[in-house]
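Letter by letter, the chains look like this.
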Amino acid sequence: MRKLTYFVATSVDGFIADPDGDGDYLNRWVEPGYAEDMFGEFPETVPTHVRAELGLEGAVGKHFDAVLMGRGTYDAGLRLGITSPYGHLDQYVASRSLGTSPDPAVEIISGDVAARVRRLKEQPGLGVWLCGGADLAGQLVEEIDELVVKTYPVFAGSGIPMARAGFAARELELTDLRQFAGGQVVSTYARRR
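Quick caveat, the model's predicted, so the values are computed rather than measured. (Residues numbered from 1 in each chain as written. Predicted model: local features only at pLDDT ≥ 70, side-chain atom pairs only at ≥ 80, totals over all residues. Heavy atoms only, no water.)

Enquirer: Tell me about the sheet that holds strand β6 (residues 128–132), residues and numbers included.
Expert: With mixed pairing, eight strands are arranged side by side in an open sheet as β5-β4-β3-β6-β1-β7-β10-β9. In the strand order of this sheet, the two ends are held by β5 (106–109) and β9 (172–179), each with one partner. Strand-to-strand twist in this sheet, taken as the mean axis angle between neighbours without regard to direction, amounts to 20°. Looking at chain direction, strand β4 (residues 90–94) and β5 are connected through four bridges and run parallel. The residue of β5 that forms the bridge with A94 is I109. Contacts from helix α3 (residues 71–78) reach β3 (66–70), β4, β5 and β6 within the one sheet, and its direction differs from that of β3 by about 95°. (Pairing = 2+ DSSP bridges. Helix = DSSP H or I, 4+ residues; strand = E, 2+ residues; numbered from the N terminus. Axes fitted to C-alpha atoms, helices over the stretch in contact; angles between N-to-C directions. Contact = heavy atoms within 4.5 Å.)

Structure, rendered in structure tokens:
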């Protein structure tokens with residue numbers, strides 16, 4: 001059975017994007033040493049169109065063979081003309097407003113996204129990467145099996161939170177913790193059920 005993993009970058013105070021939904025402010029902390037480590041461990045999370053220039057064109061995924069994005073996350077690439085951002089993975093976009101997929105390699109999930117995720121998790125494979133965003137993470141909070149949280153040394157003050165989910169004390173177990181010279185901390189948590 002595959003896991004649903006929320007692999008996400010955030011500020012220290014838990015914001016994945018600025019108030020307008022742009023997460024580029026976090027890129028300042030993706031410095032060479034940190035990037036090399038992250039790309040080495042999670043090469044499948046690098047978009048297809050930049051894999052070659054980063055030396056990752058033939059890199060085999062270690063954790064994920066499928067990616068699930070919300071409409072806002074998908075739209076960031078779509079605005080640049082990128083209709084299949086992770087062509088090396090099975091791609092799914094949860095959207096109530098996007099009727100048909102702009103690319104045959106991308107499946108649109110317009111109905112019960114949690115039910116579809118449960119079916120994806122039942123399939124054999126590496127895992128399903130929940131790529132973003134906050135609304136989708138909120139809808140799937142009970143389906144998330146693991147969180148890999150890349151915390152960058154910045155306090156944003158406001159913006160888009162990691163998830164828009166109702167309050168509940170959902171227990172996690174810390175399974176890995178790595179700190180980098182640039183102040184980045186990568187914490188891996190498993191969901192206690």
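From this point, the narrative continues.
Enquirer: Requested: an account of the packing of aromatic side chains, with residues and values cited.
Expert: One pass over the structure, following the stated rule, counts eight aromatic pairs. Judged by centre distance (4.5 Å) and plane angle (45°), the rings of F7 and F42 are tilted. With F7 in strand β1 (residues 4–11) and F42 in the loop between α1 (32–41) and α2 (48–51), this pair connects stretches of sequence that are 35 residues apart. There is no split in this pair, since F7 and F42 are both buried. Aromatic pair F7 and F64: ring centres 6.2 Å apart, planes at 65°, arrangement edge-to-face. Here F7 is found in strand β1, whereas its partner F64 is found in the loop between α2 and β3, with 57 residues between them in sequence. You can call F7 buried: its relative accessible area is 4%. Relative accessible area serves as the criterion here: at 3%, F64 is assigned to the buried category. (Phe/Tyr/Trp six-rings, centres within 6.5 Å; stacked < 30°, edge-to-face > 60°. Buried < 20%, exposed > 50% of the residue type's maximum accessible area, 1.4 Å probe, protein only.)

Enquirer: How would you explain α3 if you had to name every residue and give the values?
Expert: Given 3.6 residues to a turn, an α-helix orients residues that are three or four positions apart in the same direction. Here α3 has its buried residues at Y74, D75 and G77. Down the axis, α3 shows its buried residues gathered within 160° of arc, on one side only. Of the surrounding secondary structure, the elements contacted by the buried residues of α3 are β3, β4 and β5. (Arc of directions from axis to C-beta.)

Enquirer: Quick rundown of the pairing of β1? Include the residues and the values.
Expert: By the criterion of burial, β1 is predominantly enclosed, with eight of the eight residues buried. Covered by surrounding structure in β1 are L4, Y6, V8 and T10 together with T5, F7, A9 and S11, the residues of both alternating faces. Direction of pairing for β1 relative to β6: parallel, over a ladder of three bridges. Looking across to β6, one finds that L4 is bridged to V128. Alignment of β1 against strand β7 (residues 146–152), held across seven bridges, turns out to be parallel. Bridge pairing in β7 links F7 to V148.

Enquirer: With reference to specific residues and values, describe the pattern of salt bridges.
Expert: Evaluation of the coordinates by the stated rule reveals 13 salt bridges. For the salt bridge of D145 with K121, the shortest nitrogen-to-oxygen distance reads 3.0 Å. Remark: K121 occurs in helix α4 (residues 113–122) and D145 occurs in the loop between α5 (134–139) and β7; sequence separation between them is 24 residues. Residue D145 is classed as buried on the basis of its relative accessible area, which comes to 17%. Residues joined in a network through salt bridges with shared partners are R118, K121, E143, D145 and R193. (Salt bridge = Lys/Arg side-chain N within 4 Å of Asp/Glu carboxyl O.)

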